[in-house]
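A structural walkthrough
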Amino acid sequence: MTPTPPRSRPRRGPDATGTRMWTWFMLPGTLWMTGFLIASLVLVAVLTVGTTDELGNPRFGFDLSSIRALADPAYTEVLARSLGYALLTCVICLLIAYPVAYTIALHGGRWKHALIAAIVVPFFANYLVRMYGWSVVLSDDGPLLRVLRAVGLADGDTKVLNTGVGVIAGLVYGFVVFMIIPLYAALERLDVSLIEAGRDLYGGPVRTFLHVTLPATRQGAAAGLVLVFLPAMGDFVSAQLMGGPDQIMIGNLIQDKFFQGQNWPLGSALTMLLMLVLLVGMLGYLRRTRKDEAEARR
């Protein structure tokens, strides 16, 4: 008769105790953040169908005029512009961040952590302060245009501020670090022997990059795209400091409706529209991640 193996007992070692302890430590902060998040979302959703009195103060009610106003071409144009700026920012950040992350992760040697710190630490400064400094760099008399005029690549009429180029430049400068970090993490985990094997199989460095390095770091690139797209879509500082009336984004529109136009229901409706766009992007990323994990388990 074959003896019955003993049943495995629940893990009760010091690791399980430490995990339980940290779970309890995280619980108050999680409840605090979740409670305020849900409360603010409910308030914004309710105000979407609210009204305003003669003084512009918000009043709860049931009025769909703010939702119907979202179909106004002026608002759809701003949303399309914001979406275009955010997507273009993602592409430019990816093109800038990939060579930087690749060089540091695979060729940085013992200096890789210092190089990453040199990139990340300047971004600890306040975002608004950095955007003010960047607006000075891009101004008509700033150092960028001075250098371009000196080498003959710009003339006296060339402008960067108050243009779409200036807004995108500000967005790229503000969020490129969010693309570098996940790409660096993915490249650092990459087995270098795969690249060496790819060179033996595919030959040139370009084909090796396309067939080996890029697929192996696809999840890092996807995470970077999400981390850049989400804040860039709702940003309003870059458009306010480096753009003009024709370059406003949906974040500027929401700010105007809440603080200057005294139209909180319309501002809430625009906020819910922005969150819907961001939710679609986030769900697309999660779906792609689950699909990659399923393929990896096969």
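Residues numbered from 1 in each chain as written. Predicted model: local features only at pLDDT ≥ 70, side-chain atom pairs only at ≥ 80, totals over all residues. Heavy atoms only, no water.

**Quick look at the packing of aromatic side chains**
If you walk through the whole model with that rule in mind, you get six aromatic pairs. Residues W32 and F36 carry aromatic rings whose centres are separated by 4.9 Å and whose planes lie at 55 degrees to one another, so their mutual orientation is tilted. With W32 and F36 both in helix α1 (residues 14-48) and four residues apart, the pair spans about one turn of that helix. The pair formed by W32 and F36 is uniform in burial state, with each residue classed as exposed. Among the aromatic side chains, those forming a connected cluster through ring pairs are F123, W134 and Y173. (Phe/Tyr/Trp six-rings, centres within 6.5 Å; stacked < 30°, edge-to-face > 60°. Helix = DSSP H or I, 4+ residues; strand = E, 2+ residues; numbered from the N terminus. Buried < 20%, exposed > 50% of the residue type's maximum accessible area, 1.4 Å probe, protein only.)

**Here we look at the pattern of salt bridges**
Applying the stated criterion across every chain yields a total of three salt bridges. The shortest N-O distance in the salt bridge between R81 and E77 comes to 3.4 Å. On the criterion of helical spacing, the pair formed by R81 and E77 is a turn pair, its members being four residues apart in helix α3 (residues 73-107). Overall, the relative accessible area of 16% leaves R81 in the buried class. (Salt bridge = Lys/Arg side-chain N within 4 Å of Asp/Glu carboxyl O.)

**Some points on the environment of P205**
Topologically, P205 is positioned in helix α10 (residues 205-216). Judged by relative accessible area, which is 64%, P205 ranks as exposed. With ten residues separating them in the primary sequence, P205 and I195 have C-alpha atoms 9.1 Å apart.

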